[in-house]
Amino acid sequence: MTNIIRRDPFSELTSLQERMNQLFNQSFDFEGFGFERPPISANFVPPVNIFEDEHTLTLQAEIPGVVSEDLKITLENNVLTITGERKFKEEEKKENFYRFERRFGKFTRSFALPVSVDSEKVNAIFENGVLTIALAKREEFKPKQITIGVTKPAAVATAKAGKAA
């Protein structure tokens, strides 16, 4: 009896990708002592929370260690772009670091915004390492409350009697 084995060509690509990720994630020796190099690269990507209510769309980005002068926020063609840099500062004491897990370098985050955002009403606050950008919604896109008219029961009964005759 012959067994039929299904072959998945994508599994080989996935395993190749996993091996490449392992290769790039390995730490390399720093001056032969087993220390890691400081990660001064474009790998730093600040995490962002995005939420909305009926009046605003709000983005909050965690960017500790960055000063407001190193941040640039642009809004063009309904695309909000946050650009900045977290700089690596060498200590004067030349302490013996054994690990560098914090990421440093330049970063750019871009977000396509819905047409409901009013590009003239944008407010940005940078406080305690958290950048908060509030984008107001246009009036025509805000939810509107519609009230339902209530008819009197006597009028409904009269209307039903008139249709029955």
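Presented here is a report on the structure given in the accompanying data block.

Quick notes on the rules
Residues numbered from 1 in each chain as written. Predicted model: local features only at pLDDT ≥ 70, side-chain atom pairs only at ≥ 80, totals over all residues. Heavy atoms only, no water. Helix = DSSP H or I, 4+ residues; strand = E, 2+ residues; numbered from the N terminus. Contact = heavy atoms within 4.5 Å. Areas by Shrake-Rupley, 256 points an atom, 1.4 Å probe, with all protein chains shown as cover. Core = buried A, V, L, I, M, F, W, Y, C linked by side-chain atoms within 4.5 Å. Buried < 20%, exposed > 50% of the residue type's maximum accessible area, 1.4 Å probe, protein only. Lys, Arg positive; Asp, Glu negative; His and termini not counted. Salt bridge = Lys/Arg side-chain N within 4 Å of Asp/Glu carboxyl O. Polar contact = N/O pair within 3.5 Å; in protein donor to acceptor, adjacent residues only side chain to side chain. Pairing = 2+ DSSP bridges. Axes fitted to C-alpha atoms, helices over the stretch in contact; angles between N-to-C directions.

Turning next to the overall build of the protein chain. What the protein chain contains, in helices and strands, is 2 helices and 7 strands. Starting at the N terminus and ending at the C terminus, the protein chain contains elements arranged as α-β-β-β-β-β-β-β-α. Long-range pairs, those at least 24 residues apart, make up 57% of the contacts in the protein chain between residues at least 6 apart in sequence. In the form shown here, the protein chain has an accessible surface area of approximately 13,600 Å², with 53% of it arising from carbon and sulfur atoms.

What follows is about unusual backbone geometry. One non-glycine residue, N77, lies in the positive phi region at around 55°. You can see N77 is positioned in the loop between β3 (71–76) and β4 (79–86). Of note, the phi angle at N128 is positive, near 55°, even though the residue is not glycine. With respect to the helices and strands, the residue N128 is situated in the loop between β6 (117–127) and β7 (130–137).

Turning our attention to the nonpolar core. One finds I63, I133 and L135 to be the most contacted residues of the largest nonpolar core, which totals 16 residues. Of all the secondary structure elements, the ones that give two or more residues to this core are β2 (56–62), β4, β5 (105–112) and β7. Setting aside chain neighbours within four positions, we find L135 in contact with H55, T56, L57, L59, L75, L80, L113, V117, K121 and V122.

This part is about the side chain of R86. Turning to its location among the elements, R86 is positioned in strand β4. Of the side chains with opposite charge, E62 comes closest to the buried, unpaired R86, at an N-O distance of 8.6 Å. At 2.8 Å, the side chain of R86 forms a polar contact with the backbone oxygen of P64. Apart from the residues lying within four places of it in its own chain, the contact partners of R86 are F44, P64, G65, V66, R102, R103, F104 and G105.

This part is about the sheet that holds β5. With antiparallel pairing, the 3 strands of this open sheet are ordered in space as β3-β4-β5. Among the strands making up the open sheet, the edge pair consists of β3 and β5. Between one strand axis and the next, the sheet turns through 10° on average, direction left out of account. Relative to β5, β4 is paired through 8 bridges, and the arrangement is antiparallel. In the strand pairing of β5, I82 is matched with R109.

This part takes up the sheet that holds β7. An order of β1-β2-β7-β6 is seen for the 4 strands of this open sheet, with the pairing classed as antiparallel. The open sheet has two edge strands with one neighbour each: β1 (48–52) and β6. In this sheet, neighbouring strand axes are inclined to one another by 15° on average, regardless of whether the strands run parallel or antiparallel. Where β2 lies against β7, 7 bridges are found, and the strand directions are antiparallel. Counted as the bridge partner of T56 is A136 from β7.

Note that K137 resides in strand β7. A polar contact of 2.9 Å, which involves the side chain of K137, links it to the backbone oxygen of D53.

Another aspect to go through is the pairing of β7. Two faces belong to every sheet, and in a regular strand the side chains alternate between them. Bridge count between β6 and β7: 7 bridges; the pairing is antiparallel. Across the sheet, residue N123 finds its bridge partner in β7, namely A134. The hairpin formed by β6 and β7 contains 2 residues between the paired strands, and N128 there has a positive phi angle of roughly 55°.

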